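Close look at the chain arrangement
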Amino acid sequence: MTTSGSAQPNAPTDAQKKVDAYLSTLRQRLRGLNDQNAREIVEELRSHIIEKSAADGQTTVAAVDAALAGLGDPEELASQYTTDNLLSQAELSRSPFRILKSLFRWASLSIAGFFVLLGSFLGYLFGAVLMLVAALKLIHPHTAGLWILPSSSGDFELSFRLGFGSVPDGRDLLGWWIVPIGWIAGGALVMLTTYIAVWFARQYRKSLVLPKS
Amino acid sequence: MRQTDAADKWEVQLRKGCLELAILASLWDGKLYGLEILRRLESDSDLIVSEGTVYPLLSRLKALRLVQSEWVESDAGHPRKYYALTPAGRQRAREMAGMWSRFSHSMTRLLAPIVKGK
């Protein structure tokens, strides 16, 4: 008995190819999540697509298309997973390192994430500098601190100095006050940065939940 | 026209706000997999939700340890990921349900004249 040339039992059908293409785009966009997590997400959605598209009996290309349309754009779906991940991370731990790590993932997916990452990075950096100056004041009492220095253009400029090197030609503005002020202001800035980053992620996530009508 | 748009938008916000509670509630009687949760939400609550929203939310509830998951082989030939409430999830669902019924009770009382006088 002969079969027609098109009926190779192991060749992927058009419907399967569509599912594979969708899931591989998704997998790529989930790159930032940990490997096992991303794999589970892909397998869960594969299972969903198979069952959903087989619900009306035969798995046809049209049924697969409908199932994929229900899940939406794979890139948008991936960014829902990554921002959700960021939010749950933030709910479990407020550590700046965890938040920055999650923000890196988000930034790789969307321009909004990129700007939030940039802002948070600057916020954490400035907060860290404040705390560092406060700590180094104890080691370099005569040179570390917030200094007001004459600039070349005749104006003055403010400068946070870690205190390495010679005594600068200017005035130490805060003296020992830099120790409590640096710790408190630096710590507050780090906390504020975290709150703002989480707030943005939440707003972004909310904007994606709207069902498409 | 404008007014209807604003009302529609409000309705969408309202549905979104309920989604987390709706998912936890769907798991109250036992474990379900993603598609079953979606079907339960559609049939029991006419919450119209996009599938692309429920799966990431399930993953978040899991990260928050409100639900746990396990893979189960099925007769259909592909494994299914089942979700079940953790003790913390049950607790959260109970709290949210309590808040919900207090809130809806007082809203219903407040809205009674509007509803009656239509």
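Our subject is the structure listed above.
Okay, so let's go over this structure. (Residues numbered from 1 in each chain as written. Chains lettered and ligands numbered in written order. Predicted model: local features only at pLDDT ≥ 70, side-chain atom pairs only at ≥ 80, totals over all residues. Heavy atoms only, no water.)

Re the interface of chain B and chain A
- Contact with chain B, which involves 27 residues of that partner, is made by 26 residues of chain A.
- Of all residues in chain B, the largest losses of buried area upon contact with chain A belong to Glu-51, Tyr-55 and Arg-60 of chain B, amounting jointly to 23% of the total for that side.
- The shortest N-O distance in the salt bridge between Glu-40 of chain A and Lys-81 of chain B comes to 2.8 Å.
- Across the chain B-chain A interface, the total number found is eleven residue pairs in polar contact (both at pLDDT 80 or more).
- Elements with a minimum of two residues in the side of chain B that touches chain A: α1 (2-26), α2 (34-45), α3 (51-63), β2 (67-72) and β3 (80-85) of chain B. (Contact = heavy atoms within 4.5 Å. Buried area = accessible area lost by both parts, 1.4 Å probe. Salt bridge = Lys/Arg side-chain N within 4 Å of Asp/Glu carboxyl O. Polar contact = N/O pair within 3.5 Å; in protein donor to acceptor, adjacent residues only side chain to side chain. Helix = DSSP H or I, 4+ residues; strand = E, 2+ residues; numbered from the N terminus.)

Observations regarding the environment of Ser-110 of chain A
Residue and element names in this part refer to chain A.
- Inspection of the secondary structure assignment puts Ser-110 in the loop between α5 (96-107) and α6 (111-137).
- The exposure class assigned to Ser-110 is buried, which follows from its relative accessible area of 12%.
- Between the alpha carbons of Ser-110 and Glu-76 there is a distance of 9.3 Å; along the sequence they are 34 residues apart. (Buried < 20%, exposed > 50% of the residue type's maximum accessible area, 1.4 Å probe, protein only.)

What about the packing of aromatic side chains?
- Enumeration according to the criterion identifies four aromatic pairs over all chains in this entry.
- The interplanar angle of 80° and the centroid separation of 5.9 Å between the aromatic rings of Phe-126 of chain A and Phe-160 of chain A together place this pair among those described as edge-to-face. A residue pair is termed long-range when its members are at least 10 positions apart, and Phe-126 of chain A in helix α6 and Phe-160 of chain A in strand β2 (residues 156-161) qualify at 34 residues.
- You can call Phe-126 of chain A partly exposed: its relative accessible area is 42%.
- The residue whose ring lies beneath Lys-137 of chain A is Trp-176 of chain A, and the NZ or CZ to ring-centre distance is 5.6 Å.
- Over the ring of Trp-28 of chain B we find Arg-90 of chain B; its NZ or CZ atom is 4.1 Å from the centre of that ring. (Phe/Tyr/Trp six-rings, centres within 6.5 Å; stacked < 30°, edge-to-face > 60°. Lys NZ or Arg CZ within 6 Å of the ring centre and 35° of its normal.)

These figures come from the coordinates and say nothing about function on their own.
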